[in-house]
Amino acid sequence: MPTLLTDPRSGGVKKSSGVNVLPIVAETWAQVRDDSNTDVDWLIASFNGKSKTDITVIASGSGGIEACAAALPENAALYGGVRLNSGRFVTFYYAPEGCPVMQRGRGSMYKNGVLNVLEGSDREIDMKPGSTESSI
């Protein structure tokens, strides 16, 4: 599902951002948002293997922000979303120190395209290892 952005220099002509968010990301996010599903309340997505454009789910589970923060890998640019205890939803982009520089830049460039797939989020948070719901 390529996402689009508007180039203001060309009078609003749409062009692809280059990111390809695989359908599994939207499917897993639907599980996170499903009120009847208690098995999945967070997801982490990143680049699919060595791909420079494909984004897929690399982890998901239950346990809220604390479990999601504990599952953050330290070597890749990451996107994700979490259901809070209040029933609200937040998203995040995280690029740790161990992330390759080129992937960090590419990840930052694709951030809006990926987070747009995670519809219904209230806001973006600053996620990092050790984050808790009370700290956001």
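Residues numbered from 1 in each chain as written. Predicted model: local features only at pLDDT ≥ 70, side-chain atom pairs only at ≥ 80, totals over all residues. Heavy atoms only, no water.

### Quick look at the nonpolar core
So, point 1. Judged by nonpolar contacts, the single largest core of 21 residues is most densely connected at Val 25, Ile 55, Tyr 79 and Val 114.
So, point 2. Contributing elements (two or more residues each) for this core: strand S2 (14-21), helix H1 (23-33), strand S3 (42-47), strand S4 (54-61), strand S6 (89-94) and helix H3 (101-115).
So, point 3. When near neighbours in sequence (up to four residues on either side) are disregarded, Val 114 contacts Val 19, Val 21, Ile 55 and Tyr 79.
So, point 4. Trp 42, Leu 78, Val 82 and Ile 125 belong to the second-largest nonpolar core, a separate cluster that totals 15 residues. (Core = buried A, V, L, I, M, F, W, Y, C linked by side-chain atoms within 4.5 Å. Buried < 20%, exposed > 50% of the residue type's maximum accessible area, 1.4 Å probe, protein only. Helix = DSSP H or I, 4+ residues; strand = E, 2+ residues; numbered from the N terminus. Contact = heavy atoms within 4.5 Å.)

### Quick look at the pairing of S6
So, point 1. Along S6, 6 of the 6 residues are buried, which leaves the element largely enclosed by surrounding structure.
So, point 2. Side-chain alternation along S6 places Phe 89, Thr 91 and Tyr 93 on one buried face and Val 90, Phe 92 and Tyr 94 on a second face that is also buried.
So, point 3. By the bridge criterion, 6 bridges tie strand S5 (residues 78-83) to S6 in an arrangement that is antiparallel. The residue of S6 that forms the bridge with Leu 78 is Tyr 94.
So, point 4. Here S5 folds back onto S6 in antiparallel fashion, the turn holding 5 residues, of which Gly 87 has a positive phi close to 90°.
So, point 5. Looking at chain direction, S6 and strand S7 (residues 123-125) are connected through 3 bridges and run parallel. (Pairing = 2+ DSSP bridges.)

### Points about the packing of aromatic side chains
So, point 1. On inspection of all chains with the given rule, the structure shows 3 aromatic pairs.
So, point 2. Aromatic side chains Trp 29 and Phe 89 sit 5.9 Å apart centroid to centroid with 70° between the ring planes, which places their arrangement in the edge-to-face category. Here Phe 89 lies in strand S6 and Trp 29 lies in helix H1, a separation of 60 residues in the sequence. Here Trp 29 matches Phe 89 in class, with each residue buried. (Phe/Tyr/Trp six-rings, centres within 6.5 Å; stacked < 30°, edge-to-face > 60°.)

### Overview of the pairing of S5
So, point 1. The buried count for S5 comes to 6 of 6 residues, which makes it a mostly enclosed element.
So, point 2. One ladder, built from 4 bridges, connects S3 with S5; its direction is antiparallel. Among the inter-strand pairings, Leu 43 is bridged to a residue of S5, identified as Gly 81.

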